[in-house]
Structures are given as C-alpha cells and as structure tokens.
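# Residue-level structure breakdown
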Amino acid sequence: MKLRSLRLKNCKVFHRGSIVDDAEIFLENGRITDITKLGIQRPVDETFDLKGLLVIPGLIDVHVHLRGLNLAYKEDYDTGTMAAASGGVTTVLDMPNTNPPTVDSKSLKLRVEAAEPKLYVNTGFYSFVPEDLTEASKLADAGIFGFKLFMHRRMPGYKFETLDGLRDILKAVSKVDLPLLVHAEDREVLETVKSENPNGDLETFEKALSEESEEKAVKMVLKALKAVKEARVHFCHVSSIGALKAIEMAKASGLPISCEVTPHHLLLTREVCIRLGFYGLVDPPLRSKESSAGLWSGIKRGVVDCIATDHAPHTLEEKTVGTLWSLKTGFPGLETLLPLMLDCVNKGRLSLSELVRLTAHNPAKIFRIVDRGRIEVGYWADLTVVDLKKEAVIEPSSFKSKAKHSPFEGWRVRGVPQTVFVNGEPVVLEGELVCKPGVGRVLKPGVS
Ligand SMILES: [Zn+2]
C-alpha cells in the first residue's frame, strides 16, 4: 500500500464521548497522527474537505457472512466488503459456514487466501469448533477471532450432544483464550417441530425457533460455563427476552460473556414477516413488538454489547421458492445498518455515544481488535463520515452486495454514511466507491 499523509479538514469529530467542532484530522501511513481544533499549516500529500460533516469511528460488524469460494454466487469477498465500505463498516468478522467450511487450519488458509486480494475493508475470520479439539490451537495461531457454534443444527466440525460435550468445547476455546460465538437455539425443539410438520408455515417456523427455545439454549451454555468460568462466550443475535435476562444475570455474576442484537430484531416484528411471507424468514425469527422493545431496553441497560448485522446474502429464489424447511433464511444488512441506526439517533431512540459504543468501541474491545474502534492518535484511520441530516430511501437495487433485496426496502431514513477511510485510504468519497480492492487487511486478534 502507498504510504502517505492526509489532512481531513472542516469536520466534526466524535472524540472521547463528545463532538469536537471545527476539527481537523491528520493521517500518516494509515494512522491518525493528530486531531486538532484549528488547522495548523503543515505539508501533506492530500487534503480532503469534509464539508462540516461528522466523523465517527468506522463501524466494526462482528457477525457477517461474506460467503465466497463455492458460495460466491451469493456474495464474494469483494462484493461483501464493498457493501461494508458503502455502509460505513470498516471492519467485518466473517463466519465459517462457507463452502468448503472452515473446520481446521487448512480450510482456513484456503479461505484467507481467496479473500485477501479482494478486500475493501478489514476482515477477520472465525472457524467452526474443530472436530479434533487439539486443532483449536493451530487455528488460534493462524489468527482466527473465535469459534462459531450452532447449537440447533448439525454443522461441520465438533459434534456435541450433551452438556459434557459443551463443557469440552468451552475448555478447548478457553485454553486458546478465544471466544465461542453461540447461535443459541435448541436442537430438540427444532427437530421435533420439523418432523411433525414437514410442510410448515410461518407459525411452524416460529414454534421451531421460539423465544423459549433460545432461552433454553442460552441457559444450557450458562450451565456449562459454571464448570469453565474463564471461557469467553459471545451470544449472537439475541432476540428472546428470557435469553437476554439470563445473560444479564450471568454478566452480573461476573462471567466473561457478551452479546449482540441485530437491526432487524430491533426494528422489525413478526407482523412484517406475515406481510413479507417466506422472504421474511430469518433465524432467529422476527419476534413480537414487546420483544423488540425488550431488546431496546437491553441496550439502554447496557446488557447488549454490540449491534451486528448477521449479513446473510442469499439469492431471492433461495429465500422464496420451495418448502419451508428448504428455504434460506436471513437478510443482507451491511448497507442498511448505519442508515437505520443514524435514523434512530435522529429520532432519539439511540444516542450517538450508544451507537459508537455498540458498533465500534465494544466490538474492538470484546474481540481484541487492536488500535481500531476509536478516533485516537496512534489508532488506524478507519473513519466513517456521516451526514446526519441527509434523507435517503433504502433502495436494494443499488446495493453493492450481490443480494439486492432487503426487508427495509423503501424505508425513508435520515442520516447516511458519505465518505469512508480504511487504513487511512479513501474507499468511499461522497457515496462513490473510489478504490481498488486490497485496501482492507486481514486482521488477527491482539495484533495492531
Ligand atoms: Zn449468522
């Protein structure tokens, strides 16, 4: 990468919890070298006039499916990270349910090598829990950010059947000091409902992946954690109030656990799913109005650590044509996360401090993403410039993602990302992608 010095003039900067007006940011060799109130004349290679807009830390999305490899028809490393950049997200952590799946250091290497030359934003990788638990240390040495466990579906990697099996997983991940990312839903509940209803509808789907099932699975993990207290666990896309309460109590008891919620569970309810039909299916499903209010309350109480998209690109056909259990679930989310959340800031539902904490500070801290997630001297210049006043309509046909659809299609929002810097390089300028792939780096935890 070309190493150079930049001056970002005429901006507001979100710095240490408040907004600094009339600010300038100086960058050198990809890092922030100065944040000043008034411009001091000093030679730089290039100056960018940010026209009075607000600079926040580039967002870190800890739950993304970039696909690639044999699933590149759904999304690839370039389109997925272009979508991230366009959405103001400068770092993504990528899930391992790829094809071939990431289950050991060999399959990880294949994925990282396919991804690296195509990246527009920084990218870290997760693995499944390896079948041979001793392989966990090789994966840790290779630089993964954690291990993903789907409790309700039989996935590649380690098969756990009992609480003891879960304890063995927790021991293995704590030994290498990496988090276990848990998709918490109960396998028995899902399999029973599925076998009784081979051709189900929305209600069947909700029964199979109910709030109670999620709560049951979270409680099973918390029970297993009693024997392995030092294991770090991150609960993905919490959507059940009972699950969130259990997490809150466990956190209060001092367990090193964290959790995320998604924009779709915060902003959409099952009524939307009824209207959207099979397209609206997502796992976990959209819940009641009361449940989404409960997630907002979890944000306000500080129980929720991150907002993550679970960006899950599929073709429209995969999501809508077929019987219930054959359909793909989930939505693309990288290009809607920030506009939706800035709209919430404008509506007073979320403060700017909360937004930055949930999408940058906390993700960096929990996943040990060093020197990112804040605007500080010495940190990497991953910066998102937002126009809080600009209005926009969510238009999936203009997505950079290959998945050009969204449950938020047609929503009017106020607040959009305009310009994005990744590692000190302009990637998006006033809404236009301006760079070639390769600006994004492969990240490893604990490494600056
Ligand atoms: Zn996911």
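Residues numbered from 1 in each chain as written. Predicted model: local features only at pLDDT ≥ 70, side-chain atom pairs only at ≥ 80, totals over all residues. Heavy atoms only, no water.

### Focus: the overall build of the protein chain
Our working rule: What counts as a helix is a DSSP run of H or I of at least four residues, what counts as a strand is a run of E of at least two, and both are numbered from the N terminus. Atoms considered for the radius of gyration are the C-alpha atoms alone. The globule rule reads 2.2 Å times the number of residues to the power 0.38. Accessible area is worked out with a 1.4 Å probe on protein chains only. A residue is then buried under 20% of its type maximum, exposed over 50%, and partly exposed in between. When checking whether two residues touch, look at their non-hydrogen atoms; a contact exists if any pair is within 4.5 Å. We get accessible surface area from the Shrake-Rupley algorithm with a probe of 1.4 Å; when it comes to residues, only the shown protein chains can shield them. Neither His nor the chain termini are counted; the positive set is Lys and Arg, and the negative set is Asp and Glu. A single reference atom marks each charge: NZ on Lys, CZ on Arg, CG on Asp, CD on Glu.
When you go through the protein chain residue by residue, the secondary structure sums to 14 helices and 18 strands. By the compact-globule yardstick of 22 Å for 448 residues, the protein chain fits well, its C-alpha radius of gyration being 21 Å. The principal-axis extents of the C-alpha atoms in the protein chain amount to approximately 70 × 45 × 45 Å. Counting all 448 residues of the protein chain, 60% fall into the buried class. Across the protein chain, every contact between residues at least 6 apart in sequence was considered, and the portion connecting residues at least 24 apart equals 75%. Split by element, the accessible area of the protein chain, about 17,400 Å² in all, is 51% carbon and sulfur. With 60 positive and 59 negative side-chain charges, the protein chain shows a separation of 2 Å between the mean positions of the two kinds.

### Describing the coordination of the zinc ion
Filter applied, for reference: Any N, O or S atom lying within 2.8 Å of the metal counts as a donor, with the limit raised to 3.2 Å for Na, K and Ca; because water is left out of the atom set, some sites can appear incomplete.
The zinc ion binds to the protein through His63 (NE2), His65 (NE2) and Asp310 (OD), with metal-donor distances spanning 2.0 to 2.2 Å. The exposure class of Asp310 is buried, given its relative accessible area of 8%.

### Concerning the environment of Gly446
Examined against the element boundaries, Gly446 turns out to sit in the segment after β18 (432–433). Relative accessible area serves as the criterion here: at 52%, Gly446 is assigned to the exposed category. Each residue touching Gly446, except ones within four places of it in the same chain, is listed here: Arg368 and Val370.

### Examining the sheet that holds strand β12 (residues 233–235)
The cut-off we apply is this: For two strands to be treated as a pair, DSSP must find at least two bridges joining them. A fitted line through C-alpha atoms represents every axis, and for helices the fit uses only the stretch in contact; the resulting angles, taken between N-to-C directions, go from 0 to 180 degrees.
The six strands are arranged β9-β10-β11-β12-β13-β14 in an open sheet whose pairing can be described as parallel. Of all strands in the sheet, those with a lone pairing partner are β9 (127–128) and β14 (306–307), marking the two edges. Of the strands in this sheet, β11 (180–183), β12 and β13 (257–261) touch helix α7 (residues 211–225), which is tilted by about 170° from β12.

### Examining the packing of aromatic side chains
To keep things clear, this is the line we draw: Pairing of aromatic rings covers Phe, Tyr and the six-membered ring of Trp, with a centre-to-centre limit of 6.5 Å; geometry is then stacked below 30 degrees between planes, edge-to-face above 60, and tilted otherwise.
One pass over the structure, following the stated rule, counts six aromatic pairs. With centroids separated by 6.1 Å and ring planes inclined at 65°, the aromatic side chains of Tyr126 and Phe367 adopt a geometry described as edge-to-face. In this pair, Tyr126 sits in the loop between β8 (122–125) and β9 while Phe367 sits in the loop between α14 (352–366) and β15 (383–393), placing the two residues 241 residues apart along the sequence. Side by side, Tyr126 and Phe367 carry an identical accessibility label, which is buried. Here the aromatic rings of Tyr279 and Phe331 are separated by 5.7 Å at their centres, their planes lie at 40°, and the arrangement is tilted. Here the residue Tyr279 occupies a position in the loop between α10 (270–276) and α11 (289–301), and Phe331 occupies one in the loop between α12 (316–320) and α13 (337–346), the gap between them amounting to 52 residues. We note that Tyr279, like Phe331, is buried.

### Thoughts on the pairing of strand β3 (residues 31–36)
Bridge count for strand β2 (residues 18–28) against β3 is five bridges, and the pairing is antiparallel. Across the sheet, Glu28 pairs through a bridge with Arg31, a residue of β3. Between the end of β2 and the start of β3, which pair antiparallel, lie two residues, with Asn29 showing a positive phi angle near 50°.

### Brief notes about the nonpolar core
Put simply, the rule reads: Here the nonpolar core consists of buried residues drawn from Ala, Val, Leu, Ile, Met, Phe, Trp, Tyr and Cys, with membership extended through side-chain atoms lying within 4.5 Å.
The biggest cluster of nonpolar side chains holds 108 residues, and the ones touching the most others in it are Phe147, Leu180 and Phe235. If one sorts the elements of this core by residue count, α13 sits on top with seven residues. Beyond its immediate sequence surroundings of up to four residues, Phe147 is in contact with Ser127, Phe128, Val129, Pro130, Ala136, Leu139, Val173, Val176, Leu178, Pro179, Leu180 and Leu181. Leu6, Ile35, Leu53 and Ala381 belong to the second-largest nonpolar core, a separate cluster that totals 18 residues.

### Some details on the side chain of Asp305
The criterion, for reference: Here a polar contact is taken to be a pair of N or O atoms separated by no more than 3.5 Å, where protein atoms must pair a possible hydrogen donor with a possible acceptor and residues adjacent in sequence count only if both atoms sit in side chains.
Relative to the elements of secondary structure, Asp305 occurs in the loop between α11 and β14. Of note is the side chain of Asp305, whose polar atom sits 2.8 Å from the backbone nitrogen of Cys259. Excluding its chain neighbours within four sequence positions, the residues that come into contact with Asp305 are Lys251, Ile257, Ser258, Cys259, Arg357, Leu358, Asn362 and Ile366.

### With respect to the environment of Val356
By secondary structure assignment, the location of Val356 is in helix α14. Look at Val356 and you get buried, because its relative accessible area is 2%. For the pair Val356 and Leu53, spaced 303 residues apart in sequence, the C-alpha separation works out to 16 Å. In contact with Val356, other than residues within four places in its own chain, are Phe14, Ile56, Pro57 and His361.

### Topic: α13
Along an α-helix, a turn takes 3.6 residues, which lines up residues three or four apart on a common side. For α13, the buried fraction is high: nine of the 10 residues fall into the buried class. Considered for burial, the residues of α13 that qualify are Leu337, Leu338, Pro339, Leu340, Met341, Leu342, Asp343, Cys344 and Val345. Directly beyond the C-terminal end of α13, a positive phi value near 80° is found at Gly348.

### Let's talk about the pattern of salt bridges
Keep this limit in mind: Salt-bridge detection follows one rule: a side-chain nitrogen of Lys or Arg within 4 Å of a carboxyl oxygen of Asp or Glu.
Per the counting criterion, the structure on display carries 29 salt bridges. Of the charged contacts in the structure, one is a salt bridge between Asp283 and Arg153, with a shortest N-O distance of 2.9 Å. With a gap of 130 residues between them, Asp283 in the loop between α10 and α11 and Arg153 in the loop between β10 (147–150) and α4 (163–175) connect regions that are remote in the sequence. A residue is classified by how much of its surface remains accessible, and Asp283, at 8% relative accessible area, is buried.

Treat this as a map of the structure, not an account of what it does.
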